[in-house]
Amino acid sequence: MARYVRFLLLLLCLILVGECRRHKSRKKRWSTPPTEIHKLGNPLSKKVADGTKTRKVKTSHLLRIDDHDFTLRPAFAGPAVPVGVDVQVESLDSISEVDMDFTMTLYLRHYWKDERLAFPSTTNKSMTFDGRLVKKIWVPDVFFVHSKRSFIHDTTTDNIMLRVFPDGHVLYSLRVTVTAACNMDFSRFPLDSQTCTLELESYAYTDEDLMLYWKSGDESLSTDDKISLSQFLIQKFHTTSRLAFYSSTGWYNRLYINFTLRRHIFFFLLQTYFPATLMVMLSWVSFWIDRRAVPARVSLGITTVLTMSTIITGVNASMPRVSYIKAVDIYLWVSFVFVFLSVLEYAAVNYLTTVRDGKERKLREKAAEQSQNLPCTCGMSHARTMMLDGTYSEADTNSLAGYTRASMMAEDASEKQERMVVHLSLDSESTAGTKKKGIRGFRIIQNTHAIDTYSRMIFPGAYILFNLIYWCVYC
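Definitions and cut-offs
Residues numbered from 1 in each chain as written. Predicted model: local features only at pLDDT ≥ 70, side-chain atom pairs only at ≥ 80, totals over all residues. Heavy atoms only, no water. UniProt positions renumbered as here; feature names shortened; annotations may be inferred. Patch = residues over 30% accessible without salt bridge, like charges linked within 9 Å, V, L, I, M, F, W, Y side chains within 5 Å. Areas by Shrake-Rupley, 256 points an atom, 1.4 Å probe, with all protein chains shown as cover. Salt bridge = Lys/Arg side-chain N within 4 Å of Asp/Glu carboxyl O. Helix = DSSP H or I, 4+ residues; strand = E, 2+ residues; numbered from the N terminus. Pairing = 2+ DSSP bridges. Axes fitted to C-alpha atoms, helices over the stretch in contact; angles between N-to-C directions. Expected span 1.5 Å × (residues − 1). Buried < 20%, exposed > 50% of the residue type's maximum accessible area, 1.4 Å probe, protein only. Polar contact = N/O pair within 3.5 Å; in protein donor to acceptor, adjacent residues only side chain to side chain. Contact = heavy atoms within 4.5 Å. Phe/Tyr/Trp six-rings, centres within 6.5 Å; stacked < 30°, edge-to-face > 60°. Lys NZ or Arg CZ within 6 Å of the ring centre and 35° of its normal. Core = buried A, V, L, I, M, F, W, Y, C linked by side-chain atoms within 4.5 Å. Disulfide = S-S within 2.5 Å.

As recorded in an unreviewed UniProt entry, the chain goes by the name GABA(C) receptor, listed as coming from Solea senegalensis. Under the UniProt heading Subcellular location (unreviewed entry), the entry covering the chain gives this text: "Postsynaptic cell membrane". The heading Catalytic activity (unreviewed entry) in the UniProt record of the chain holds the text "chloride(in) = chloride(out)".

Rendered as structure tokens:
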């Protein structure tokens, strides 16, 4: 009986072990991915393994970064390491006359050889990295001299590229926007041309440690043909290089990017020169307005003066406060003087007219008083009685030209009363303060409107002559 029980237990154990094995095999078959099942089912579909993926080699191990001290330059304690530079100007963003600077976006590329980065390669192909590897190796410390602001673009990632060749040559490229100072001369503004310079130099390494040079000479600088500015015409880009000396540190290699800009004049013709010229011409209108129309001539003169002041203020607001005279200042201030002189011209005309009217009024009053005490002048000729009412005409004045005191003393006694009338009238004329010898001076006082007549010719002629001289000198 005991044997029978042991046999049953053994049989039960064998059955359980078989079920467990069958369950495991079934589970393994269903957990296999479809791609693996396909491969297992078709042995011919197997692919050759990619060696670059199976070899898990880190970049630091391939370039042996951990085996060298990259805080030191290549060939430390040896000759200077040559670093070639080329630049591609992407855009010239702005030119500021007030701040005297310019903003430029460019691609800056460095070329040098570092044998510590050499790696074995059967295809002789280079390896390209982003900016994360730059922090682990040595790169040139080039900076922009006289720069005010600069930054490396970081959208969507840092715009830095590092390319390493199997023999150790390195290409280091970055996209930079820099704002640098530009010494401008505004003595001929706005008819000027400006030359600005962007300077590159190593910050720490002198010419004994690092030799900075243009990689391809003048061809190291390339520009986009679509680069344009609203106020300037880009005439020329060129490169130069020279040594810069600092008394405390020594000599450094410095590279220069020079470009010449010529200002467009059409904008300033419309905004400055034409309005100023029109204001000067408008001030001449007062010469054709009657001199007795005081409100019209005064308001016209004041309006033109204030407008010229506004134009001058607007131009100077967009310019730096330089201590020398600019070409536009000469034109605007001469135009302002012409406008101001037209106001002074009317002031002189109005004053002389007022003085003349006052003298004539006093002369008429005195003649009227004297006529009350004189005998009757009935039958006298017009030339001898016209002085009594105090009014003169040019013909009347000419008729008196031959009368003198000596000629009156020689006349007959029958004409004594007539001589006395003319004698008294001539005395009243001399006491009026004219004291002019000759009929020409008397005519000028009587015709003050002659000043307006002369001004109609003198002012336009002088302004045209000034414009001819101005544009011949500055153009």
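Next comes the rest of the write-up.
Undergrad: In this structure, what is going on with a nonpolar patch on the surface? I would like to understand it.
TA: Taken together, the side chains of Phe7, Leu8, Leu11 and Ile15 make up a nonpolar region of the molecular surface, amounting to roughly 380 Å² of accessible area. As for its placement among the helices and strands, Leu11 is situated in helix H1 (residues 2-31).

Undergrad: Help me understand the sheet that holds strand E8 (residues 193-202), please; the structure alone is not making it clear to me.
TA: In a beta sheet, neighbouring strands are held together by backbone hydrogen bonds and run either parallel or antiparallel to one another. Overall, antiparallel pairing links the four strands, which are arranged E4-E8-E12-E11 in an open sheet. At either end of the open sheet lies a strand with only one pairing partner, and these are strand E4 (142-145) and strand E11 (232-246). Adjacent strand axes in the sheet meet at a mean angle of 25°, parallel and antiparallel pairs treated alike.

Undergrad: Looking at this structure, how should I read helix H5 (residues 266-283)?
TA: Because each turn of an α-helix spans 3.6 residues, side chains separated by three or four positions in sequence point in the same direction. The end-to-end C-alpha separation of H5 is 25 Å, in line with the 26 Å expected for 18 residues at 1.5 Å each. Of all the residues in H5, the buried ones are Phe268, Leu269, Thr272, Tyr273, Ala276, Thr277, Met279, Val280 and Ser283.

Undergrad: So what exactly am I meant to see when it comes to helix H6 (residues 294-317) here?
TA: With 24 residues, H6 extends 35 Å between its outermost C-alpha atoms, agreeing within 8% with the 34 Å of an ideal straight helix rising 1.5 Å per residue. Within the sequence span of H6, burial applies to Arg297, Leu300, Gly301, Thr304, Val305, Met308, Ile311, Ile312 and Val315.

Undergrad: Got a minute to help me understand the side chain of Arg297 in this structure?
TA: Take Arg297: it is sitting in helix H6. Arg297 gets classed as buried once you look at its relative accessible area, which sits at 3%. Engagement of the side chain of Arg297 in a polar contact is seen with the side chain of Glu345, the distance being 3.3 Å. Apart from residues no more than four positions distant in its own chain, Arg297 is found in contact with Ser286, Phe287, Ile289, Asp290, Arg291, Glu345, Tyr346 and Asp452.

Undergrad: Hey, could you run me through unusual backbone geometry in this one?
TA: With an omega of 0°, the peptide bond between Thr155 and Thr156 qualifies as cis. Positionally, Thr156 belongs in the loop between strand E5 (147-152) and strand E6 (160-164). The amide bond that connects Phe189 to the next residue, Pro190, takes the cis arrangement and shows omega of 0°. The phi dihedral of His146 falls on the positive side, at around 60°, and the residue is not glycine.

Undergrad: What am I meant to see in the packing of aromatic side chains here?
TA: One pair of aromatic rings is described through two measures. These are the centre distance and the angle between the planes. Applying the stated criterion across every chain, the model contains 28 aromatic pairs. One aromatic cluster in this structure is built from Tyr273, Trp284, Phe287, Tyr331, Phe338, Phe459, Tyr463, Phe466, Tyr470, Trp471 and Tyr474. Directly above the ring of Tyr256 sits Arg242, whose terminal nitrogen or CZ lies 4.7 Å from the centroid.

Undergrad: Can you help me understand the pairing of E6 in this one?
TA: Of the two faces of E6, the one lined by Ile160, Leu162 and Val164 is fully buried and the one lined by Met161 and Arg163 carries no buried residue. Here three bridges tie strand E3 (residues 127-129) to E6, and the two strands are oriented antiparallel to one another. Across the sheet, Phe129 pairs through a bridge with Leu162, a residue of E6. Here E6 runs beside strand E7 (residues 169-181); their pairing, made up of five bridges, is antiparallel. If you follow Val164 over to E7, its bridge partner there is Val170. Here E6 folds back onto E7 in antiparallel fashion, the turn holding four residues, of which Gly168 has a positive phi close to 100°.

Undergrad: Sorry if this is basic, but what is going on with the environment of Val178 here?
TA: Relative to the assigned elements, Val178 resides in strand E7. Classification of Val178 by relative accessible area gives buried; the value is 0%. In sequence terms Val178 and Arg149 are 29 residues apart; their C-alpha atoms lie 5.8 Å from each other. Other than its neighbours up to four places away in sequence, Val178 contacts Phe102, Thr103, Met104, Leu106, Phe144, Ser147, Arg149, Ser150 and Leu198.

Undergrad: Help me out: how do you make sense of the nonpolar core in this one?
TA: The nonpolar side chains of soluble globular proteins are, as a tendency, buried together. Core analysis: the largest hydrophobic core is formed by 80 residues, its most contacted members being Leu63, Val87, Phe102, Leu162 and Leu198. Those residues within four positions of Phe102 in sequence are excluded, and the remaining contacts are Leu92, Ser94, Ile95, Val178, Thr179, Ala180, Ala181, Cys182, Cys196, Thr197, Leu198 and Phe259.

Undergrad: So what exactly am I meant to see when it comes to the pairing of strand E1 (residues 81-96) here?
TA: Both faces of the sheet carry side chains from a regular strand, because those side chains alternate between them. Alignment of E1 against strand E9 (residues 210-214), held across five bridges, turns out to be parallel. Across the sheet, residue Gly84 finds its bridge partner in E9, namely Tyr213. Summarising the sheet, E1 and strand E2 (residues 101-113) pair through eleven bridges and their orientation is antiparallel. Looking at E2, one finds that Ser91 is bridged to Thr105. Taking the residues between adjacent antiparallel strands as the criterion, E1 and E2 are bridged by four residues, where Met100 takes a positive phi near 55°.

Undergrad: Even after reading the chapter, I still don't get the state of the cysteines, so can you show me in this structure?
TA: One pass over the full model with this rule turns up one disulfide. Here Cys182 engages in a disulfide with Cys196; their sulfurs sit 2.0 Å apart. Residues Cys182 and Cys196 are joined through a disulfide that is left-handed, its torsion about the S-S bond being -80°. One end of the pair, Cys182, is in the loop between E7 and E8; the other, Cys196, is in strand E8, and 14 residues separate them in sequence. Each member of the pair Cys182 and Cys196 is classed as buried. Summary of cysteine pairing: Cys472 is not part of a disulfide, and the nearest cysteine sulfur, belonging to Cys475, is at 8.1 Å. The exposed category is assigned to Cys475, whose relative accessible area is 65%.

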